[in-house]
Amino acid sequence: MNYLVVGAGITGIAASIELISLGVDPTKITLIEAQDRCGGKIRSKMIAGISIDVGPDSFLTRSQAGIDLAKKLNILDQVVRPSTFSATIFAKGRLHDVPSGIMLGVPVDIRAFLGSASMLSLKGRLRAGLDFVLPKTKIGDDATISHLIRARFGHEVDELLVDPMVGGINAGSTKYLGLASVAPAFLKSYNSQSGRSLAKSLIKIAPPKPSADGTKSEIPFASFGGGLETLVQGGVAHLLKEGATIMTSTQAIALASDGIKFHVRTKSTAIATENDSEIAQELSADALILALPAPQATTLLGGVSQAVAELIGRIDYSQVGIVLLAYKKGSFKAPLKGSGVLVPKINNRLITAITFASRKWSHLDNSGLEILKVSIGRHRDTRFESMSDEDLTRAVSQEVGEVLGATVAPIESVVFRWKDALAQYRPFHSQLVASAREELSKVGAIEICGAAYDGVGLPSCIESGQKAAQRLHATVGANDL
Ligand SMILES: Cc1cc2nc3c(=O)[nH]c(=O)nc-3n(C[C@H](O)[C@H](O)[C@H](O)COP(=O)(O)OP(=O)(O)OC[C@H]3O[C@@H](n4cnc5c(N)ncnc54)[C@H](O)[C@@H]3O)c2cc1C
């Protein structure tokens with residue numbers, strides 16, 4: 001029984017490792033990857049001699065999946081925690097501290113919130129307080145995040161807090177993102193109680209307030225001293241040591257099934273030619289896992305089920321760019337505070353967030369430089385795509401200067417562009433994925449997994465890959481003995 005896993009991002013790597021844990025003979029597992037490197041969105045770039053993650057820079061540790069994988073790969077001793085977790089918000093031309101009494105931007109302790117939400121107008125604060133008196137909002141099984149937040153607290157809370165915090169994680173907009181998939185705790189708590197107030201329903205599930213000194217162990221995020229690529233390198237080393245095959249620079253370009261086996265047509269991306277047939281190779285497998293972003297999965301799925309391809313093809317993406325900027329320390333009028341700044345959409349700027357990478361991670365703070373990781377682009381804002389690297393760096397440096405009060409230009413910059421960066425989970429996303437999986441089960445031993453389906457965060461991707469491996473093994477495992 002041969003297993004083929006397509007896509008060596010963290011999902012495909014986790015799926016392959018899980019197959020081995022389930023008892024599959026590692027020599028029967030092949031992982032193929034279009035790029036010349038594994039890791040997908042986990043990737044770093046050098047600036048001023050320092051390696052910085054240009055994709056994810058940390059993973060949530062409230063779910064155990066990331067930590068458990070690190071343990072399995074014997075890299076737990078390399079786990080590091082951010083030095084600081086607090087951010088500021090740029091609104092009305094200045095920086096504001098994130099208010100107290102919120103959970104993901106949503107007020108839960110209204111009194112603490114109203115006393116500290118300096119970015120809201122007086123009218124906006126009064127409107128937020130109406131959550132206690134307005135009649136219960138009818139949501140049903142799902143709705144956009146904006147729908148609930150605006151009904152309870154008004155548009156300012158949505159635009160200045162929830163959209164930058166929740167929408168920002170997905171490079172999306174609360175006007176499109178669905179509650180059930182992106183903020184399930186909000187929907188569940190609100191629908192499970194009869195009271196009208198969203199704040200009162202959420203205070204019951206809000207995590208405990210961090211202590212005044214904000215010790216590192218309370219920060220629910222982690223990375224590795226060598227950056228997140230440590231996780232990828234650990235996964236790849238484990239797979240190779242066990243005897244699995246990894247083929248990089250191998251892009252799957254077509255998929256077919258003869259009812260018994262899957263046939264994946266691949267081409268080498270290491271060789272430049274206009275005639276694909278010259279370099280095409282066919283790989284056959286009894287069981288197949290597609291750990292790909294939705295657009296690439298859709299292309300392949302069309303070969304085995306138009307119905308699944310049509311469903312998966314509906315999943316929309318945001319495009320994101322990262323501009324790394326290195327400044328000499330002391331280049332800013334005021335000291336940089338916390339781990340970074342969120343820049344809400346209503347500012348109409350290119351930049352959506354600035355991470356103070358060399359402050360957030362103490363192991364990066366050793367060069368007399370401030371390294372800033374600036375995010376640009378969000379769902380339906382692709383202005384940066386048509387700009388040259390030079391123009392983009394100039395525009396981004398100027399905006400950073402305005403937000404942080406930089407007195408001089410950066411001494412070095414790096415631009416990186418992500419295509420199909422983050423899937424946008426609309427309302428009823430999980431129903432769409434369930435329908436696609438049900439249809440796909442008619443095709444045979446094939447699974448789809450990854451950031452397009454079960455959550456964009458790294459722990460969700462790891463679990464998505466592991467569960468796909470478990471389902472596949474349960475389907476074909478009996479024949480594999
Ligand atoms: C800028 C940015 C910041 C982020 N920050 C965070 C964060 O801080 N914390 C967090 O938890 N998450 C974060 N995320 C989300 C997280 O990084 C991703 O959701 C996750 O890494 C996706 O993993 P994946 O394996 O599902 O997909 P991918 O990483 O996209 O991997 C898919 C792989 O498939 C390969 N592939 C595509 N087509 C083919 C083909 N036809 N044949 C063969 N191979 C193919 C690709 O080259 C790629 O390697 C961030 C994402 C971005 C873009």
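On a predicted model such as this, the values are computed, not experimentally measured, just so you know. (Residues numbered from 1 in each chain as written. Predicted model: local features only at pLDDT ≥ 70, side-chain atom pairs only at ≥ 80, totals over all residues. Heavy atoms only, no water.)

(A) Fine view of the side chain of Lys-373. By secondary structure assignment, the location of Lys-373 is in strand E20 (residues 369-376). A polar atom in the side chain of Lys-373 sits 3.0 Å from the backbone oxygen of Asp-53. There is a polar contact of 2.6 Å between the side chain of Lys-373 and the backbone oxygen of Gly-55. (Helix = DSSP H or I, 4+ residues; strand = E, 2+ residues; numbered from the N terminus. Polar contact = N/O pair within 3.5 Å; in protein donor to acceptor, adjacent residues only side chain to side chain.)

(B) Quick look at the environment of Ser-430. Assignment of secondary structure puts Ser-430 in helix H15 (residues 429-441). Relative accessible area serves as the criterion here: at 40%, Ser-430 is assigned to the partly exposed category. For the pair Ser-430 and Leu-130, spaced 300 residues apart in the sequence, the C-alpha separation amounts to 32 Å. A polar side-chain atom of Ser-430 sits 3.2 Å from a polar atom in the side chain of Gln-431. (Buried < 20%, exposed > 50% of the residue type's maximum accessible area, 1.4 Å probe, protein only.)

(C) The arrangement of helix H10 (residues 229-242) in detail. The terminal C-alpha atoms of H10, which comprises 14 residues, lie 20 Å apart, in line with the 20 Å expected from a rise of 1.5 Å per residue. Among all positions of H10, only Glu-229, Thr-230, Leu-231, Val-232, Gly-234, Gly-235, Val-236, His-238 and Leu-239 are buried. With its phi angle positive at about 110 degrees, Gly-243 sits one or two positions after the end of H10. (Expected span 1.5 Å × (residues − 1).)

(D) Quick peek at the sheet that holds strand E13 (residues 250-257). Strands sit in the order E13-E14-E15 across an open sheet of three strands; the sheet is antiparallel. The two strands at the open ends of the sheet, each matched to only one other strand, are E13 and strand E15 (280-285). Sheet twist, expressed as the mean angle between neighbouring strand axes with direction ignored, is 25 degrees. As paired elements, E13 and strand E14 (residues 262-268) share seven bridges and run antiparallel to each other. Bridge pairing in E14 links Gln-251 to Lys-267. (Pairing = 2+ DSSP bridges. Axes fitted to C-alpha atoms, helices over the stretch in contact; angles between N-to-C directions.)

(E) Up close: the site of the ligand. In the vicinity of the ligand lie 32 residues, with Thr-11, Glu-33, Lys-41, Val-456 and Leu-458 positioned nearest. Taking Gly-40, its main chain carries an N or O atom lying 3.5 Å from an oxygen atom of the ligand. Within the complex, 89% of the 1,000 Å² of free accessible area of the ligand lies under protein. Taken together, the residues that form the shell around the ligand break down as 16 nonpolar, 13 polar and three charged. (Near = heavy atom within 4 Å. Areas by Shrake-Rupley, 256 points an atom, 1.4 Å probe, with all protein chains shown as cover. Nonpolar A, V, L, I, M, F, W, Y, C, P; charged D, E, K, R; others polar.)

(F) Here's a closer look at the pairing of strand E1 (residues 3-6). Residues Tyr-3 and Val-5 point to one face of E1 and Leu-4 and Val-6 to the other, with burial holding for every one of them. With four bridges connecting them, E1 and strand E16 (residues 287-290) associate as parallel partners. Bridge pairing in E16 links Val-5 to Ile-289. Sheet topology places E1 next to strand E2 (residues 29-32); four bridges connect them, and they run parallel. Bridging across to E2, Leu-4 finds its partner in Thr-30. Between the parallel pair E1 and E2, the chain is carried across by helix H1 (residues 10-21), and the sense of this crossover is right-handed. (Right-handed = clockwise from strand over helix to strand, strands pointing away.)

(G) Molecular detail of unusual backbone geometry. One non-glycine residue with positive phi stands out, namely Ala-48, at about 50 degrees. As for its position among the elements, Ala-48 is in the loop between strand E3 (44-47) and strand E4 (50-53). Taking relative accessible area as the criterion, Ala-48 reaches 26% and is therefore assigned partly exposed. Even without a glycine there, the phi angle at Asn-348 is positive, about 55 degrees. Here Asn-348 lies in the loop between strand E18 (340-342) and strand E19 (351-356).

(H) Structural detail: the side chain of Asn-170. Mapping Asn-170 onto the fold places it in the loop between helix H6 (155-169) and helix H7 (179-182). Take Asn-170: its relative accessible area is 7%, and that puts it in the buried class. The residues contacting Asn-170, other than those within four sequence positions of it, are Leu-177, Val-182, Ser-318, Leu-422, Gln-424 and Val-456. (Contact = heavy atoms within 4.5 Å.)

(I) View of the packing of helix H2 (residues 65-72) against helix H16 (residues 458-476). Where H2 meets H16, the closest approach of the two axes is 8 Å, and the angle between their N-to-C directions is 65 degrees. Put simply, H2 runs roughly perpendicular to H16. Residues Ala-65, Gly-66 and Leu-69 of H2 pack against Pro-459, Ile-462 and Glu-463 of H16. (Parallel < 35°, antiparallel > 145°, perpendicular 65-115°, else oblique.)

(J) Seen up close, the domain arrangement of the chain. By domain assignment, the chain separates into domain 1 (3-40 + 65-72 + 227-315 + 425-480) and domain 2 (100-203). When each unit is reduced to the centre of its C-alpha atoms, the spacing between domain 1 and domain 2 is 36 Å. Taken together, the contact pairs seven residues of domain 1 with 10 residues of domain 2. When domain 1 packs against domain 2, the two sides together hide about 660 Å² of surface, and 60% of this comes from carbon and sulfur. The three residues of domain 1 that bury the most area against domain 2 are Tyr-425, Pro-427 and Phe-428, which together make up 63% of that side's buried surface. (Domains from an automatic or database assignment. Buried area = accessible area lost by both parts, 1.4 Å probe.)

(K) Summary view of helix H11 (residues 294-301). Of all the positions in H11, only Ala-294, Ala-297, Thr-298, Leu-300 and Leu-301 are classed as buried. On an axial view of H11, the arc spanned by its buried residues comes to 165 degrees, and they lie on one face. (Arc of directions from axis to C-beta.)

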